[in-house]
Every structure is written in structure tokens, then in C-alpha cells.
Amino acid sequence: MVERLVVDARFEHIGRKELERSFFEYAVNFRNNARVSTPALQEAAIDILGSMARKPLTRTVYLGIEHIGLAHGTVAGPATFLRLSEDKELKDAFERLGSSCPELVCAVEVTAGTDELMLERARERVAIALALVRQRYLFGFAAKIYPDQVLFGLNGSHVQRCGGAITLRGRWRKPAPIPEDLSGLEEWNTSLRGLSDLYLRLGPNVRSRADVCISWLDVAALTENWRIIIPTVFSAVESLLIPDDFQSKGAAIAVRSIAVKIATKHHVEFLHVADAYRLRNDLVHGNTTEKMITAETLPRADSLRRWAFGVFADYVELAASRSPASAKILIRDLSAECDQACDLLRKRGHREVADQYAGKN
């Protein structure tokens, strides 16, 4: 029920934790009043849902666009591009935000339970509109269009209207470099030298896989888009842990990542790796992820980034100490640790993952 309501606009203002608490209290009440008739309990459930539900917000959201010009009224998928010179009230609202006022904005109608989700959904829909424009621009001319020509996008400003009146305006921080000087951090520099020394001890076959891994991890590090982070993180880890033709890759990653930690005597993390890998499959194979909430999924993706780098560091340490001729041999020689990993997974309630790995191995 919580999974259904958390993406229902009438209940979005409550949040997952509060919904879980409310339904837990209802379940306790149900258990303590087992003799109450079913219709009475159903009526109570309806009252609870009715007290929590709220009419969602519906607004027109205008997002500032930079580095491209389009005709006023241009429609691209779910959004319409408008020139501010055609709407004085809207232009004044954007000018009050300070900084540079955009000449072009993109308008979408959005329904959501909170202001935060309103802006999040508006940005997602405008991203679709911009993607349509970008692809049509890239491949709509006989002449070659260069990547630098399609770097247009959102400028970080937004204005919202409800019933014709301006109700909200604001800006969000756009990603930009923050200069850092790490030269004086002795402990950090020591850890980097240690990892580099281990890396330089790797044989050619293993090092080539380590290079693939760290390159994918770098792609994941340079974005805050979870739809990019999750597939690239698993591509990185697959390059290390699946050098063989193993069918159940999600189970293999879950088991072998723990096995590497056991072999290096490091702390074992029990992330729901197999579940995250199923989400990766949905993303890679083009399945819809409309029920995923960015505010919940992005922290999960960030945890996967940290976990994946830990796997990389442990793998490099293990490979440097054992000096295998190839990545396949390194994984083959982890069979005892993989058995221990399966036992640990079963004890932690992940029997299905352990059995799937053991059955395919």
C-alpha cells in the first residue's frame, strides 16, 4: 500500500516514512481489535486514507533555457518554448530573480503533492523536450552538427503560475567546479600513493580491467543523474567481477564483491546489490522507471558509487597480493571466499541470491 501511495499525488506530501508509520499503527490497531467486524475495519481504513489525502497542486512551470533560440510557441513533446519578449509579466518575474534573464523559457503543466516534486517533474519533462530538440538538431541537417552546438539546456531559474497568477519563483544551483587544494592533506595523499602503488603492481590483463572499471566510475562521479550512475557503476564492477560468462550477473556481483572483502579481511557491506542490479536492468533495457522518486533513488545511487569504489580498491589490493595471470584466474581462486559469502547472505536474509549464484556456478 505504501509503495502505491508514495507515488500518488494525493499522498506525496506525506512522504514514505510517515506513510509507513501510519500504516504500522493501523496494523497494530487491527491486530488488537481482531473481533471488530470487517466492514468496521474497512471504514476505519477509509477514514485514515481520507484524513491523509490532500488535493494535489497543478501549476504551469516555466524553466529558463540558455544557449539556444527557438520560435515563440515551439512545441517539443510535453513542453512549449516561449520567448519572454511575448509575456511582460513572466519576463518581470524572471528579471526579479537577478543574474541574467533568459530570452527563452520552456513551459510545462505539472501536478504534484509538494513544491519540490513540482520542480523535479517539471525539470524531467523539460529534459525530454530538450532531448527531442537536441536529436532533431543533431540529425536534421545535411551538414555535420558538432557536440558543442548542442550544449544548450536549463539556466537554473524557474517561475510557476497557478490560475494565471505568479505563485512561486526561484533558482537552483547548477553544477560548477569548486577549486580544491589537496596538497596539504597528508593522510589523503598517503592513501592515494598506496592505491597507486598497488595498481602499478597489477599484471597487464588485470590492469586493463581495472582501467575499464575506474573509467566507468569516473563517468558516474561526474553526474548527479541516477539513471546514468546506476548502470555505469555496475558496468565498472562487472569489468572486475565477471570476467567469465556467468548468466546471473546480479547474484554474481553480490556474492563476489563480498568474497573480495572476505579475502582482503575488510568490512563486509550488505547493500541490496541484486535489487539494485534489477533496477540497472530496467534502465539499460529501456523499461519505464516512472515510479522511481529522485529524492529516494539518488541517495541510493550515491551509496552504490561509494560501494563500487570500495570494490575497486579491495580488488586492486587482492590482485596485487596474489599476482594472478588473468582476472579469470583471480575470480576462480576465490571459490572458498564465495562459499563463505553465500553463507553470509543466507544468514542476512538473502537466501535467494546465494542459491541463485550457487545454482549457476
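Residues numbered from 1 in each chain as written. Predicted model: local features only at pLDDT ≥ 70, side-chain atom pairs only at ≥ 80, totals over all residues. Heavy atoms only, no water.

Counting its regular elements, the protein contains 14 helices and six strands. Expressed along its principal axes, the backbone C-alpha trace of the protein runs to roughly 75 × 70 × 45 Å. For the protein, the residues scored as buried account for 41% of the 361 residues in total. Split by element, the accessible area of the protein, about 20700 Å² in all, is 53% carbon and sulfur. (Helix = DSSP H or I, 4+ residues; strand = E, 2+ residues; numbered from the N terminus. Buried < 20%, exposed > 50% of the residue type's maximum accessible area, 1.4 Å probe, protein only. Areas by Shrake-Rupley, 256 points an atom, 1.4 Å probe, with all protein chains shown as cover.)

This paragraph deals with a nonpolar patch on the surface. A cluster of nonpolar side chains, Leu182, Leu185, Trp188 and Leu192, forms an exposed patch at the surface whose accessible area comes to about 340 Å². The residue Leu185 is located in the loop between strand S6 (165-171) and helix H6 (186-200) in this model. (Patch = residues over 30% accessible without salt bridge, like charges linked within 9 Å, V, L, I, M, F, W, Y side chains within 5 Å. Salt bridge = Lys/Arg side-chain N within 4 Å of Asp/Glu carboxyl O.)

With that out of the way, let us pick up the packing of aromatic side chains. For any pair of aromatic rings, the description consists of the separation of the ring centres together with the inter-plane angle of the planes. Taken as a whole and judged by the stated rule, the model has five aromatic pairs. Ring centres 6.1 Å apart and planes at 25° place the aromatic pair Phe309 and Phe312 in the stacked group. Taken together, the residues Phe309 and Phe312, both in helix H11 (residues 294-322) and three residues apart, mark about one turn of the helix. When its relative accessible area of 4% is taken as the criterion, Phe312 is described as buried. A connected cluster of aromatic rings, assembled from ring pairs, spans Phe234, Tyr277 and Trp307. The ring of Tyr199 has Arg207 lying over it, and the distance from NZ or CZ to the ring centre is 5.0 Å. (Phe/Tyr/Trp six-rings, centres within 6.5 Å; stacked < 30°, edge-to-face > 60°. Lys NZ or Arg CZ within 6 Å of the ring centre and 35° of its normal.)

With that settled, consider the packing of helix H9 (residues 249-263) against H11. Where H9 contacts H11, the axes come no closer than 9 Å and their chain directions differ by 55°. Taken together, the axes of H9 and H11 are oblique relative to one another. Handedness of the crossing formed by H9 with H11: left-handed. Between H9 and H11, the residues in contact are Ile253, Ser257, Val260, Lys261 and Ala263 and Trp307, Gly310, Val311, Asp314, Tyr315, Leu318 and Arg322, respectively. (Axes fitted to C-alpha atoms, helices over the stretch in contact; angles between N-to-C directions. Parallel < 35°, antiparallel > 145°, perpendicular 65-115°, else oblique. Left-handed = near helix turned anticlockwise from the far one by under 90°. Contact = heavy atoms within 4.5 Å.)

On to unusual backbone geometry. Notably, His67 is not glycine yet its phi reads approximately 70°, a positive angle. As for its position among the elements, His67 is in the loop between strand S1 (57-66) and strand S2 (74-76). Classification of His67 by relative accessible area gives exposed; the value is 62%. For Lys265, which is not glycine, the phi torsion reads 60° and is therefore positive. With respect to the secondary-structure elements, Lys265 resides in the loop between H9 and helix H10 (273-284). Exposure remark for Lys265: the relative accessible area of 75% places this residue in the exposed category.

Taken as a whole, this structure holds 24 salt bridges when the rule is applied. Among the ionic pairs, Glu25 bridges to Arg21, the shortest N-O distance being 2.4 Å. Remark: Arg21 and Glu25 occur in helix H2 (residues 16-32); sequence separation between them is four residues, near one turn of the helix. The partly exposed category is assigned to Glu25, whose relative accessible area is 45%. Given the relative accessible area of 38%, Arg21 is considered partly exposed. A salt bridge links Glu337 to Arg322, with the shortest nitrogen-to-oxygen separation between them at 3.2 Å. With Glu337 in helix H13 (residues 335-347) and Arg322 in helix H11, this residue pair connects regions lying 15 residues apart in the sequence. Arg322 gets classed as partly exposed once you look at its relative accessible area, which sits at 35%. Each of the salt bridges in this network shares a partner with another, and the network as a whole consists of Glu3, Arg16 and Glu296.

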